[in-house]
Amino acid sequence: MSGALSASGRYLLSAEIEEITQPLFGVDMQVGLTVRYRLQDRAGKTRWERRIVTRHTARLG
């Protein structure tokens, strides 16, 4: 197998959770997640990087 899923692939994709936010209690609870994705070649040079922030509100009742 070749590509991103192979140990000998051309690129390495990593995902790092930077932040998780969530309230302890409440009626409308907003939860947030921030993840940094990075694509590097085998030499370690970053080819692509993106930080994605998502939020979701759960309404009880």
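(A) Here's a closer look at the sheet that holds strand E2 (residues 28-41). Taken in spatial order, the 3 strands make up an open sheet running E1-E2-E3, and their pairing is antiparallel. Sheet topology places strand E1 (11-21) and strand E3 (46-59) at the edges, where each strand pairs with a single neighbour. Put simply, the sheet's adjacent strands are angled 15° from each other on average, direction ignored. The pairing of E2 with E3 spans 13 bridges and is classified as antiparallel.

(B) Up close: the pattern of salt bridges. In this structure the tally under the stated criterion is 5 salt bridges. The closest approach of N and O atoms between Glu18 and Arg36, which form a salt bridge, is 2.6 Å. With Glu18 in strand E1 and Arg36 in strand E2, this pair connects stretches of sequence that are 18 residues apart. We classify Glu18 as partly exposed; its relative accessible area is 33%. Between Arg36 and Glu49 there is a salt bridge, with the nearest N and O atoms lying 3.5 Å from each other. With Arg36 in strand E2 and Glu49 in strand E3, the pair connects residues that are 13 residues apart, well separated along the chain. Judged by relative accessible area, Arg36 falls into the partly exposed class, the value being 23%. The network of salt bridges with common partners includes Glu18, Arg36, Arg38, Glu49 and Arg51.

Calculation notes
Residues numbered from 1 in each chain as written. Predicted model: local features only at pLDDT ≥ 70, side-chain atom pairs only at ≥ 80, totals over all residues. Heavy atoms only, no water. Pairing = 2+ DSSP bridges. Helix = DSSP H or I, 4+ residues; strand = E, 2+ residues; numbered from the N terminus. Axes fitted to C-alpha atoms, helices over the stretch in contact; angles between N-to-C directions. Salt bridge = Lys/Arg side-chain N within 4 Å of Asp/Glu carboxyl O. Buried < 20%, exposed > 50% of the residue type's maximum accessible area, 1.4 Å probe, protein only.

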